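One letter stands for each residue in the lines below.
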Amino acid sequence: MFTIKRLALAVLGLSLLAIGIIETLDPDMWWHLQTGQVILNSGIPRVDIFSFSMPGALWITHEWLSQAFMWFLYSQGAFPLIMVVFALLGVLTFSLVYYSCEGRPYLALLLTLLSYATAKLVWGARPQILSI
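All values derive from a computational prediction rather than experimental measurement.

Caption draft 1: Local environment of the overall build of the protein chain. When its secondary structure is counted, the protein chain shows 4 helices and 0 strands. Listed by position from the N terminus, the elements making up the protein chain come as α-α-α-α. Across the 132 residues that make up the protein chain, the buried fraction comes to 34%. In the protein chain, of all internal contacts separated by at least 6 residues, the share reaching a separation of at least 24 is 62%. Summed over its atoms, the accessible surface of the protein chain is roughly 8200 Å², and 69% of this surface lies on carbon and sulfur atoms. Placing the 6 positive and 6 negative side-chain charges of the protein chain at their respective mean positions leaves the two points 16 Å apart.

Caption draft 2: Structural view of helix 4 (residues 106-119). An ideal rise of 1.5 Å per residue puts 20 Å on 14 residues; helix 4 measures up with 20 Å between its terminal C-alpha atoms. Within the span of helix 4, buried status applies to Ala-108, Leu-109, Thr-112, Tyr-116 and Ala-119. The arc that holds every buried residue of helix 4, seen down its axis, measures 100°, which confines them to one face. The exposed residues of helix 4 that point more than 90 degrees off its buried face are Tyr-106 and Thr-118.

Caption draft 3: Looking closely at the packing of helix 3 (residues 64-100) against helix 4. Two elements in contact, helix 3 and helix 4, have axes separated by 9 Å at closest approach and are oriented at 140°. Here the hand of the crossing between helix 3 and helix 4 comes out right-handed. On helix 4, the residues touching Phe-94, Val-97 and Tyr-98 of helix 3 are Ala-108, Leu-109, Thr-112, Ser-115, Tyr-116 and Ala-119.

Caption draft 4: Fine view of the packing of aromatic side chains. Inspection of every chain in the model, using the stated rule, returns 8 aromatic pairs. Note on Trp-31 and Trp-59: the rings are 5.7 Å apart at their centroids and 45° apart in plane angle, and the pair reads as tilted. One end of the pair, Trp-31, is in helix 2 (residues 29-42); the other, Trp-59, is in the loop between helix 2 and helix 3, with 28 residues separating them in the sequence. Of the residues examined, Trp-31 reaches a relative accessible area of 33% and is grouped as partly exposed. Their ring planes at 85° and their centres at 5.1 Å tell us that Tyr-98 and Tyr-99 sit as a pair that is edge-to-face. Looking at Tyr-98, the relative accessible area reads 1%, which means it is buried. An aromatic cluster is present here, built from Trp-30, Trp-71, Tyr-74 and Phe-79 joined pairwise through their rings.

Caption draft 5: Expanded view of the environment of Thr-112. Looking at where Thr-112 falls in the secondary structure, it is placed in helix 4. By relative accessible area, which is 0% here, Thr-112 ends up buried. Here the alpha-carbon distance between Thr-112 and Leu-96, two residues 16 residues apart in the chain, equals 9.1 Å. Dropping the residues within four chain positions of it, Thr-112 is found in contact with Leu-12, Phe-94, Val-97 and Tyr-98.

Caption draft 6: Geometry of a nonpolar patch on the surface. A cluster of nonpolar side chains, namely Phe-2, Ile-4, Leu-7, Val-11 and Tyr-106, defines an oily patch on the protein surface of about 530 Å² accessible area. It is helix 1 (residues 4-20) that provides the largest number of residues to the nonpolar patch, a total of 3 residues.

Caption draft 7: Main features of unusual backbone geometry. Backbone geometry places Ala-78, a non-glycine residue, at a positive phi of 55°. Looking at where Ala-78 falls in the secondary structure, it is placed in helix 3. Residue classification places Ala-78 among the partly exposed positions, given a relative accessible area of 31%.

Calculation criteria
Residues numbered from 1 in each chain as written. Predicted model: local features only at pLDDT ≥ 70, side-chain atom pairs only at ≥ 80, totals over all residues. Heavy atoms only, no water. Helix = DSSP H or I, 4+ residues; strand = E, 2+ residues; numbered from the N terminus. Buried < 20%, exposed > 50% of the residue type's maximum accessible area, 1.4 Å probe, protein only. Contact = heavy atoms within 4.5 Å. Areas by Shrake-Rupley, 256 points an atom, 1.4 Å probe, with all protein chains shown as cover. Lys, Arg positive; Asp, Glu negative; His and termini not counted. Charge placed at Lys NZ, Arg CZ, Asp CG, Glu CD. Expected span 1.5 Å × (residues − 1). Arc of directions from axis to C-beta. Axes fitted to C-alpha atoms, helices over the stretch in contact; angles between N-to-C directions. Left-handed = near helix turned anticlockwise from the far one by under 90°. Phe/Tyr/Trp six-rings, centres within 6.5 Å; stacked < 30°, edge-to-face > 60°. Patch = residues over 30% accessible without salt bridge, like charges linked within 9 Å, V, L, I, M, F, W, Y side chains within 5 Å. Salt bridge = Lys/Arg side-chain N within 4 Å of Asp/Glu carboxyl O.

Written out as structure tokens, the structure reads:
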């Protein structure tokens, strides 16, 4: 049955998905992917394996799980899969914002879209998105 509430939810979900499917221009993307590949192939590195100025220096890979996850996605479907998965994470995250707001559907829809607009500047395929 068609209702305004269902239409609002559909618009919200599709808007978030469309906005979330953006190419990440994060300069650390390749570093995260390479680290994820190393982690899945030989374990979490304990020393810096990429630095030319301090090779072998102690390195705490604090984003190891997200980097392994990102490499797995990349190995299965390259950037399109990464973009879709992180866009779906955005839909999930901001759906939780929507459902925690009073005044559904109109006020909650407005607040959810405003909260997404503030997060959009840092949104993309980045390790910190998994902690949001």
